[in-house]
Structures are given as C-alpha cells and as structure tokens.
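Below are the chains, spelled out letter by letter.
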Amino acid sequence: MTDNLQLNAEGKLKHFLTIEGLSKALLTEILDTAESFAGMSEHQVKKVPLLRGKTIVNLFFENSTRTRTTFELAATRLSADVINMNIATSATSKGESLLDTIRNLEAMFVDMFVVRHALSGAAHFIAQQTAPHISVINAGDGQHAHPTQAMLDMFTIRQIKRDFSSLRVAIIGDILHSRVARSEIQALNTLGAAEVRVIAPKTLLPAHVESLGVNVSHNLTEGLKDIDVVMMLRLQKERMSSALLPSESEYFKCFGLTEEKLKIAKPDAIVMHPGPINRGVEIDSKVADGPQSVILKQVSNGIAVRMAVMAMAMQTAPAPGRFSGIHTIPGDRHAGSLPAGGIHTIPGDRHAGSLPANGIHTIPGDKSGVA
Amino acid sequence: MKIRIDHGRIIDPANDIDRVGSVYIKHGKIVSVTDEPDSFKPDIVINAENQIVCPGFIDLSTRLRDMGHSRKATFKSEVTAAAAAGITTLCLQPDTVPVIDTPAVVELIKELAEKAGYPQIYAVGALTQKLEGAELSSMLSLKQAGCIAVGNANQPVKNLLILRRAMEYAASHDLLLMFRSNDFWLGNNGCAHEGAVATRYGLPSIPEAAETIALAQCLELAELTGCRVHFGQLSCKRSVIKIHQAKKYGLKVSADVAIHQLHLTENDMRPFDSAYHVLPPLRTEDDKHYLRQGLAGSTINSICSDHQPHDLDAKLGAFPETEPGMSSLETLLPLMLKLVAQHAITLEQGIACLSANPARVLRLNSGALTPGFSADVCIFDPELEWQVNSENWKSQGVNTPFWGQTLKGRVTHTLQAGKIIHRL
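Here the structure is a predicted model, which is why all the values come from computation and not from measurement. (Residues numbered from 1 in each chain as written. Chains lettered and ligands numbered in written order. Predicted model: local features only at pLDDT ≥ 70, side-chain atom pairs only at ≥ 80, totals over all residues. Heavy atoms only, no water.)

1. Comments concerning the confidence of the model for chain B
- In this model, chain B carries a mean pLDDT of 96, and residues with pLDDT of at least 70 account for 100%.
- Taken together, the chains of this predicted complex give a pTM of 0.89 and an interface ipTM of 0.87. (pLDDT = per-residue confidence, 0-100.)

Right under this line is the structure:
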C-alpha cells in the first residue's frame, strides 16, 4: 500500500498528505529547504516571491488557530494570495458536500488547498478528486496524519540534536486519537531514529500499535529512561467522558510530565508539544516553560517548514543546498544589492527586469515594488 | 411450455448428481433429470455443452433499494443483475425505506417484484418496530403476509431482554431469526477492522469482539428460547469457532458468509478507497483462512452476496463518512469459482452453498433439481472470462472493488419457475 498519489511523474512532491511512502531523501529535502527559509522570519522584510500570483485556500473544516495561522503566514511570505475558509461554520453546515465545496473553489482558479478535516482520509479524497493542477496539503485529517506538524518537529529536533540515528524518542499520551503521533512515528522511522517509544495507558493506544514500528510502555517512569526527545500529546477533555480515563488528576499523576520525571530522561533531553498545551494535565507548567522545552521554537519553525512544503509542492522551491541563504536585508528595499546565487524571480514578474539575473527578489509590502 | 437443457454437466448437490445429461422442464417444474420422460416434445432446447447446469442460486442477504432509495437502485435494475448472476431467489433484508415492519410493506414489495418480472423475492420482516430494538414487530402478521424470516438487519437490539422476548415470540410462530452479530457499543461507529491497517490510517475501528460477543449472547438466547437462528455475514475466525462449537453441542443454528469476506482482507484495502468500506469490515488473512475452512467443513453452510448497491454520492467522501456495502450480485459466481480454483472448496460444495444449503435454511422446496420442484436453474460457463465494466454490469450500483478486473465464469441462462429470465 504505497501512496504514489503524493508524487508527480518525476517523483517530486505534488501533494503532501502523509509521511507514509515518502523517502528519507525527500523528507531531508523538506528539512533542508525549510532551513533556507528559517532565517527569513527575523528580517524586517519577510517575503520571497516564489508563489507570487498563486492562490492558496486554507480550507479548515475543523477549528484551528496555530496551524491555520502558520500556514497563512507561510503562504503570505511566499507572496501567495491566501483565502481562509472556515467551513466548520460555512458551506457544509448548509448541507453542501465536501466534493461540491471543492468543485466551487476549483472554479475560482485556485492553485493549492490546505485542508484540515475531522475525518481520516479527507485530504486523500480531495487530492484524488481535485483538478490536476491543484496541490493539496494535509493540515490534519481525523486521526490519520498531520505531516507538516511532524516535519516541523523533525526540523526542531534536527536543529538541536543534528543527527537522528542515535536518538531515542518517546511519544506520550493519546496515541489512539492522534494524527500527530502517527505522522511523527512515520517520520522518525523514515529518518532513522534509533528508537520510537510510545507511552500511554492501553485505552489510549490503537490496536497493534507496535506494527507502526514502536516500542510500547504503559509506565512513564520506566518509559523515559535513555530518552533524548520527549514528545507530549494534548489530552482532549472528552476522553474522560468516553470512559478512556478516570480523571485529569489521575492522568497527570501517571502520565503528566513533571520536572522530577523529566530527570529520568537524558540530561540534555528536549521537551516538545504540538500544542495547545493543557497545563497541569499532560505537562507541568515548570516543564512547559522550562529550559528543556522547545515548544515555542516548534511554533516558529512551523512557518519555515510550511513554506518549504508549499514551495516544493508548487515546484517553485530552489534546490536545497544551493542557498547562500535567502537573506532579506533588514530595511533594504533594493533587491539588487542582495547576494547572488539565490532565488529566481518567477517569470512574468514585472519587477524582474530591474534585478540581477541571479538576484533574490524580496517584495516589500508586495506592491511597492523594487526601485 | 416445455424446455429441455441438453449436454450440460448437471451438478445437483442435494440429489448427489454430477453427470452430463439433459434436464426436462414442463409447466415451470422440473420433470426429470437425465431420464427422458415419455413423449417429451420440447418447445425450447437449450444447448449447454461445456457448461454447468445447476439449481438456481438463493441469496440470503440482498438489498434492492427502491422505494425510498430508488436513487441507489430499483427492483428493475437489481433483479436484472440477479438474473444475470444466476440467482433465482432473494431474501430482502428489512432495512428498506420504509422498513419491512408492516404487512403493507410486504405487499408493496410483492407488487414491485411482480412488476419487475421476478416474483421470487422473499421479505425478511423486521424483528423490532422500525428496527429500533425497542418494541416487537407484529411478527405473526408479517409471516402471514409472506415474510420468510425475521431479523434486525444491521441494527442492534441493545437490550438483551428485548432480544430474548423477540426470540421467544419468533419461536412461538416458528419463525427463523436472521441475525447479524454486532455489539453496538463495541462497534463504536467504526468503519474498519481493528488491526494494523486501521491503526496506520487512523480509521475508527471495530474489534472482532463486537461480533463474537453479540454472537455468543445470541447463541445463549437461542438455547434459552428455542428460536431457530441463522447467523449472517460472519467475518472472523472466532465466530467460526463459536458456531462450530454450538453445532457440536447440538444447537439448531446455521451461518453464512458474504462472498467478499472469502477473498478480501484489510491488506487489500487501497488507502481510503470507499469501495472497500463494508460492514462487517474486511479482516485479516487468518480470519479469511478460517472462514474458508468453516465453509469447507460445513460450519458455514451458505455464501451470500450481501449485495448493497449505492449511488455514486454515497461513496464519494472521506472514508468514514461513506456508506458501507458493495454491489456484489454479479461477482458472486466468479468469486465462488475462484474459491474452487484455489482449492478452498469443491465445485459441488460451492454450488450447494449457493442453492441446496440456503434452501434448507429457509425451508424452501427449491435449491435442487428434484422432479416436482420449481424449475429454478442456472447454466454457467465456468471458463468464460469477462471484464467488470459498464458494458457487462447490470446493477445500478457500481460500488465494487472488482471494477475493471477480468473474472472467470459467467452465467449464460437463468430460469426462474421455468421462465428464462436471463440469456447471455
């Protein structure tokens, strides 16, 4: 069951739906591409014209703040036009089917859908049904996959730990309902992590979880031994009402990450969480805000990784490794003074003529243009 | 009208016949097999050379839609498909719209069946009103109107006391209960087998225990109430074991399996392809193996199509929101023959599972080429290959995972009560 749907005839990324079926080389390419975008955010001018003239629709059938915002920022920084559609309160509640919603948006000549949906397989379905020129990025489908979250976590891990091959990673919490966990496990295994361990009570683990390529522990104290990366998952409140857990306090007692328990892991272990965090339920505030926490770094990295995935899916990403960096110089409005060897302007760009052939074109404010 | 079918290999498991010869039909009844009756002058002669002549198939679980679901399929479209599949008798599950819980609906079904030119459709009456599992249906009235059995289709009877009462009442009127084992709570609105594949794809899943626990409860109640029970559409190993033990213990129960469960497993599911969305879900290789063994050893005595045609929209969506079920009348014979080719069962067993055995479950005088029986006959070419495509397909529902595949074995003639209802 390989998923070639995601790749075009040349084996390049066309849709980004799941980590499954993607090679280590491709995942590494995403990380490398993201790295070249990562510096950008700190500059005053935060734009490159890679997706100029492209229209991206954020199609959110489920509420989200962080993911939608970072996708929006990523698209804006690539100079795309972005439309946010919050379908949870729009078309489908009027009885319109998923397919009709897609057909209507297609008719508006969009180039990319970023989709979040409460049902597993929704992004696959849209990728199968949509017009061939449109790319689909999965921003989370049901309990299936959340591949950009996994890649931004891989990016964060690589930033700090450099190499995956010696890493032991623990994923703690509601694995059963977590699309994040499934994508993390696949990404870590593809990138060659030494061990992926899941730690949860049986009620929060799917059947045959070991078939995903993980070791299983039901005990946090035992499970944290020798761990380099601690990934906490959010515990939804409704898990209590559906008899999966007795109470938040008992969960915290058994599986909540405290400073004391974190000491069991390696001294240089990092703590991650896809957010939003439930302080005092799955994680103690002292840990969440502590020195080993990289939770906010994850959020920042989300933008660069999503930029990379979007640019790659639209086949406009510059080859990784070719970057002397996409440096936008703070305050500089003259692209001509930028170092050469960077990103090319897209054909048809009316400002392109004023740039050196190899120039990097930043578009301050999008319309003010380059002198 | 007199019909003679010549030169075919006649396989009639109920009468232990397997030889080349002729079948003689007069006034809609079988007159003789092999031996020519005196002064028999046929109006029609069918040459069945290199073909197999067997009793018409009896399908224990079918949906024809129509009425409130005519966008999915109609009696007209589906009986044409059934005839093309060699099926001469159908059991219609009660989850029609409206539900088969009053004699009026049974009458309506009879009328639609007559109009479609396919009278041998037997309604299964609802066990509980509106299939809600709360109040008993008027089972005696349903029986008198023509219902061949009662059942609750795929709907659960959550309260075991109500199930007990319903079974006692059914037993009082000597009604067969057709039971689909599925514990509502353990099923948990799942759409795939609880195993490695559902875990990988994050699909809400159904454990085997949802089936086996409901089955075990119903077996206990069968003993308590004396109700005759037929367990429909088994999907897993432990169900086969439980039925085997119950039969050994002496309980009067029977069971069937849907044809696709004998061929497909969770591993065959293409990612999020709704054609594979069925209930009970496709399970593991081990389960498939045991279902086949159960068939070979007669623990499971019938194969049904579990035909559920859908309109395109019903299958267009994210996997969990699509409607379950396959359109499976027309793949029934070739898939049965594939079991024979794979040495899972013998050809005689395969034919018995589609004719004599379901007839016994329903206590019908059919499913055999016995003189005096209604002339329900299927003639098929076991070697004829055909592609599943819109040219060959009759059902209005094209929701089959076998679409586009080339299958072996095709029905050339179907006779229902001596009337030729299908000719290739």
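2. With respect to helix α10 (residues 332-341) of chain B
Residue and element names in this part refer to chain B.
- Taking burial as the measure, the 10 residues of α10 include 8 buried ones, the bulk of the element.
- Those residues of α10 lying buried are L332, L333, P334, L335, M336, L337, L339 and V340.
- Phi for H343, located one or two positions after α10, is positive at around 60 degrees. (Buried < 20%, exposed > 50% of the residue type's maximum accessible area, 1.4 Å probe, protein only. Helix = DSSP H or I, 4+ residues; strand = E, 2+ residues; numbered from the N terminus.)

3. Considerations on empty space enclosed by the protein
All names here are of chain B.
- Evaluated as defined, the whole model comprises 5 cavities of 30 Å³ or more.
- Empty space within the largest cavity amounts to approximately 120 Å³.
- Taken together, 13 residues form the lining of the largest cavity, with A84, A85, E330, W386 and R410 sitting closest to its centre.
- At the level of elements, α10 and β17 (406-416) are the ones that each hand at least two residues to the lining of the largest cavity.
- Looking at side-chain class alone, the lining of the largest cavity contains 7 nonpolar, 3 polar and 3 charged residues.
- As a volume, the second largest cavity reaches approximately 80 Å³.
- Around the second largest cavity sit L60, S61, R63, Q93, A153, N154, M178, F179, R180, G232, Q233 and D256, which together line it.
- Residues of the lining of the second largest cavity, tallied by class, amount to 4 nonpolar, 5 polar and 3 charged. (1 Å grid on protein atoms, 1.4 Å probe; cavity = no way out; pocket = protein on both sides within 12 Å on 5 of 7 lines; lining within 4 Å. Points joined across faces, edges and corners; volume = space filled by probe spheres on them. Nonpolar A, V, L, I, M, F, W, Y, C, P; charged D, E, K, R; others polar.)

4. Let's talk about the environment of A123(A)
All names here are of chain A.
- Among the secondary structure elements, A123 is positioned in helix α4 (residues 122-129).
- Judged by its relative accessible area of 0%, A123 is buried.
- Distance in space between the C-alpha atoms of A123 and F60 is 11 Å, their sequence separation being 63 residues.
- The contact partners of A123, leaving out residues within four places of it in the chain, are L17, V136, N138 and D141. (Contact = heavy atoms within 4.5 Å.)

5. Comments concerning the packing of helix α5 (residues 147-161) of chain A against helix α12 (residues 295-313) of chain A
Residues and elements named next belong to chain A.
- Running from N to C, α5 and α12 point in directions that differ by 115 degrees, and their axes come no closer than 8 Å. It follows that α5 is roughly perpendicular to α12 by the angle criterion. Here α5 and α12 pass one another in a crossing that is right-handed. Of the residues in α12, those in contact with T148, Q149, M151, L152, D153, F155, T156, Q159 and I160 of α5 are K297, Q298, N301, G302, V305 and R306. (Axes fitted to C-alpha atoms, helices over the stretch in contact; angles between N-to-C directions. Parallel < 35°, antiparallel > 145°, perpendicular 65-115°, else oblique. Left-handed = near helix turned anticlockwise from the far one by under 90°.)

6. Focus on the sheet that holds strand β13 (residues 229-231) of chain B
Residue and element names in this part refer to chain B.
- Spatially, β6-β7-β8-β9-β10-β13-β14-β15 is the arrangement adopted by the 8 strands of the open sheet, whose pairing is parallel. Among the strands making up the open sheet, the edge pair consists of β6 (57-62) and β15 (302-304). Across the sheet, the mean angle from the axis of one strand to that of its neighbour is 30 degrees, orientation sign disregarded.
- Judged from the 3 bridges that link them, strand β8 (residues 121-126) and strand β9 (residues 149-151) form a sheet pairing that is parallel. Considered in β9, the bridge of V124 is made with A149. (Pairing = 2+ DSSP bridges.)

7. As for the interface of chain A and chain B
- Tallying the contact residues gives 22 residues for chain A and 20 residues for chain B.
- Where chain A meets chain B, there are 1 salt bridge.
- In this structure, the salt-bridge partner of R200(B) is E20(A), at a minimum N-O distance of 2.7 Å.
- Scanning the region where chain A abuts chain B turns up 4 residue pairs in polar contact (both at pLDDT 80 or more).
- Mapped onto the side of chain A that touches chain B, the elements with two or more residues apiece are α3 (98-106), α4 and α6 (179-190) of chain A.
- Considering each element in turn, the side of chain A that touches chain B owes the most residues, 4 residues, to α4(A).
- Looking at the side of chain A that touches chain B, its residues break down into 10 nonpolar, 9 polar and 3 charged. (Salt bridge = Lys/Arg side-chain N within 4 Å of Asp/Glu carboxyl O. Polar contact = N/O pair within 3.5 Å; in protein donor to acceptor, adjacent residues only side chain to side chain.)

8. Considering the sheet that holds strand β2 (residues 81-86) of chain A
Residues and elements named next belong to chain A.
- As summarised here, the arrangement of the 4 strands in space is β2-β1-β3-β4, forming an open sheet in which the pairing is parallel. Of all the strands in the sheet, the pair left with one neighbour each is β2 and β4 (135-141). On average, each strand axis in the sheet is inclined to that of its neighbour by 15 degrees, with strand direction left out of account.
- Here strand β1 (residues 55-60) pairs with β2 via 6 bridges, running parallel. The residue bridging T55 from the neighbouring strand is D81, located in β2.
- Lying on the sheet, helix α2 (residues 66-77) is in contact with β1, β2, β3 (112-117) and β4; it crosses β1 at an angle near 180 degrees.

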